[in-house]
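Coordinate analysis (summary)
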Protein chains: 2
Amino acid sequence: MSTENGPAPAQRPTRDRGVTGPKGFKAAGVAAGIKESGGLDLALVVNEGPGQAAAGVFTTNQVKAAPVLWSQQVLQERKLTAVVLNSGGANACTGPEGFQDTHATAEKVAEVLGVGAIEVAVCSTGLIGERLPMDALKAGVEVAAKELAGTDQAGLAAATAVMTTDTHPKQSWAAHPDGWSVGGFVKGAGMLAPNMATMLSVITTDAVIDGDTLDQALRATTARTYDRLDVDGGTSTNDTVLVLASGASGVAPTPGDFAAVLTAVAGDLVKQLQGDAEGVTKEISITVTGAACEDDAVTVAKTVAEDNLVKTALFGSDPNWGRIAMAVGRSQATVDQHRLGIAINGVTLFEDGHKAADRGEADLSGRDVAIVITLNLGEGEATVLTTDLSHAYVEENSAYSS
Amino acid sequence: MSTENGPAPAQRPTRDRGVTGPKGFKAAGVAAGIKESGGLDLALVVNEGPGQAAAGVFTTNQVKAAPVLWSQQVLQERKLTAVVLNSGGANACTGPEGFQDTHATAEKVAEVLGVGAIEVAVCSTGLIGERLPMDALKAGVEVAAKELAGTDQAGLAAATAVMTTDTHPKQSWAAHPDGWSVGGFVKGAGMLAPNMATMLSVITTDAVIDGDTLDQALRATTARTYDRLDVDGGTSTNDTVLVLASGASGVAPTPGDFAAVLTAVAGDLVKQLQGDAEGVTKEISITVTGAACEDDAVTVAKTVAEDNLVKTALFGSDPNWGRIAMAVGRSQATVDQHRLGIAINGVTLFEDGHKAADRGEADLSGRDVAIVITLNLGEGEATVLTTDLSHAYVEENSAYSS
């Protein structure tokens, strides 16, 4: 059903379904007693096939949590039957003992599902540096296995069990007219930055697709979605995005169709991350045009996105474009101050190196802020999403260990 | 009076004298009406010789303010008679008209002093993007020229006139037993970062020294003092450090002696910047040892210094070393998580990739926090100074345009 002019339009993503939206998947979310709060803290997502193709992308941080090291290893086979995720502890900086804990977790899941541990990915999120309570975790796996279901409620429970400082679960699902769909959940509210946020995300699809194609599609998608959200420059030790394909729809989409739906779902998940970021009062998009190349556009946009003086000005609803110009200039990208232009919420305040309007003409009273930076040097373009730096961000990150 | 084992010990820097401490210098600080507050906003420092050697280092930001472009140009001669500085406006992003304003300022100083404009450096600080009120500024230059004096009060007035969000003037002076001295002032409280803070600093000396030697000494000193303060990652459009040598002591120190005293004064000025940084409640030193090289040590220390999750944890007096490990790992330096160690205020919390003590054992209740990060990879070492990210920082930078 692809049109001659490109991929067929998929259904717009909806947020009432997630990983159990595509056929062939079951999920569960239970309270295993890992979190002190007693809330849901263990999620299980199971691919019942017939296919088992899978792919993953992981944090670029050199300090990698044990579950990242484990999941990177098992994904070399591009095949997964299950993903087990826990909140309440990151299992990072825990040495070989922490890696053994991850291995034991995968073994436990493998045992209850009757599969090999090499088919089980593990994700953890929470405080760095503490061992996980393995007895509670293993008992939780048994409970979760019994509660596995393909319902929307089960998918939502899984999305809820991975939350840390998130205020609500985040999921997205989009169906293609050809009869296949993509669904997923994501968690993450702080330590959100370049090359993926403190973020765990599991995406499922019932499309028929092989592991290599899935891997390529995932990398292309994350580069322009997850990688372009930058809340605070932090890159977690645990960042993981996994995609599992069951093939249960029996439909093999074109790579273009699949990429379009995957990107729609990933983009919707990332938008939800932005909207629920720690302390957010402004949802800011920073678009850079006319850069010498796309990499330069991303570099400029991220430098502005991470700049505390820009972020505090925006929290104060102050269109202080001078701070944006400062951040543009200190980026490692090529910039010519005499060609530089800056517009905020549609008002050009600075153009070709000259003030173009009084800053008061830009209205920043709303929640959404759109910044467009024009470099006038080439064709490179990119948009990065970020949030402001508010009192609530400071409060949340100074008052609690997370 | 150098000893056989190295430079003679100079007097410890004192803060009751500044640019007029060394012989051959006069200064003034006046209220020219540039600042809306009506406070002191124009400073003049004049070198009466007999020597006129000078050197400067400037912002690495690609967006450079007009006074930076001007001063870089005139300093090619390594000779200065005067420096004129204003607060109340950065004269950045003001196009060719802004550059003409700077030129006219230098011409005005040259006229009242009877020298050439090429001997006059100009520094500006304040809001980016607005033209300066040139009539007020030129009239201020005339008043300042009449008030020039070699007294401590005149030096203090000059140090006061460059303040923006600084809460107090910052100066330092140190004398060498051989009969020469180095003095200076500095301003800067935010936009303080790598490769120099939003900072203006003028340093004077009555040592007999040529321009090239002065330039080398200044670059070596700033690399290990000004460049190693990183409050918020911001690199201003206006950063400038100038050093002027009058030769009025008649004493030519050894390069080693001169560098030692210059570094002592610069280090004392930087310590004052740290202590008066916007919103500071903690004065933090981050020492990295065992890096593969010194550059790697600086990279790791700055990545930790700029990390908002680390900075907010420290504001909350929380020894959250996991966030430090995260920041170390996301730096561009070579890191091995299995060799990594972290100590806070003398307590080793993480060692060789393992938790070494409960975080509660580190006491962060005081104002000073010393973080030592051990990479165990080589001999590279560096210390970077920073501050915490507090509610007051957010308040100061969101409530006012600066």
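Residues numbered from 1 in each chain as written. Chains lettered and ligands numbered in written order. Predicted model: local features only at pLDDT ≥ 70, side-chain atom pairs only at ≥ 80, totals over all residues. Heavy atoms only, no water.

Observations regarding the domain arrangement of chain A
All names here are of chain A.
- What the domain assignment lists for chain A is domain 1 (25–275) and domain 2 (283–399).
- One C-alpha centre belongs to domain 1, the other to domain 2; they are set 32 Å apart.
- Counting from both sides, the interface comprises 15 residues of domain 1 and, opposite them, 17 residues of domain 2.
- Note on domain 1 versus domain 2: buried area summed over both sides is about 1,300 Å², and carbon and sulfur give 43% of it.
- Inspection of the domain 1/domain 2 interface yields two salt bridges. (Domains from an automatic or database assignment. Contact = heavy atoms within 4.5 Å. Buried area = accessible area lost by both parts, 1.4 Å probe. Salt bridge = Lys/Arg side-chain N within 4 Å of Asp/Glu carboxyl O.)

Looking at the UniProt feature "binding site: substrate" (unreviewed entry) in chain A
Residue and element names in this part refer to chain A.
- As recorded in UniProt, the feature "binding site: substrate" (unreviewed entry) lies at T164, K187, T198, E278, N397 and S402.
- Mapped onto the fold, K187 is located in strand 7 (residues 181–187).
- At 2.8 Å, the side chain of K187 forms a polar contact with the side chain of T125.
- Among the structural elements, E278 can be located in the loop between helix 6 (255–275) and strand 10 (283–291). (UniProt positions renumbered as here; feature names shortened; annotations may be inferred. Helix = DSSP H or I, 4+ residues; strand = E, 2+ residues; numbered from the N terminus. Polar contact = N/O pair within 3.5 Å; in protein donor to acceptor, adjacent residues only side chain to side chain.)

Brief notes about the sheet that holds strand 6 (residues 170–175) of chain B
All names here are of chain B.
- What the five strands build is an open sheet, ordered 3-9-8-7-6; its pairing is mixed. With partners counted over all chains shown, the strands left at the sheet margins are strand 3 (53–58) and strand 6, one partner each. Averaged over all adjacent pairs, the angle separating strand axes in this sheet is 10°, with direction ignored.
- Running at roughly 155° to strand 6, helix 6 (residues 255–275) makes contact with strand 6, strand 7 (181–187) and strand 8 (200–205) of the sheet. (Pairing = 2+ DSSP bridges. Axes fitted to C-alpha atoms, helices over the stretch in contact; angles between N-to-C directions.)

Observations concerning the interface of chain A and chain B
- Across the boundary between the two partners, chain A contributes 60 residues, which contact 60 residues of chain B.
- In total, chain A and chain B occlude about 4,700 Å² of area from one another, counting both sides; carbon and sulfur atoms represent 51% of this.
- On the chain A side of the contact with chain B, A:Q62, A:Q337 and A:H391 bury the most area, a combined 13% of that side's loss.
- Along the contact surface separating chain A from chain B lie two salt bridges.
- We note a salt bridge from B:E130 to A:K355, for which the minimum N-O separation is 2.9 Å.
- Viewed at the interface, chain B and chain A are joined by ten residue pairs in polar contact (both at pLDDT 80 or more).
- Listing elements by their share of the side of chain A that touches chain B, those giving two or more residues are helix 2 (95–113), helix 8 (308–315), helix 9 (321–330), strand 13 (354–355) and helix 10 (391–399) of chain A.
- Here the side of chain A that touches chain B takes seven residues from helix 9 of chain A, the largest share from any one element.
- For the side of chain A that touches chain B, the per-class residue count stands at 21 nonpolar, 27 polar and twelve charged. (Nonpolar A, V, L, I, M, F, W, Y, C, P; charged D, E, K, R; others polar.)

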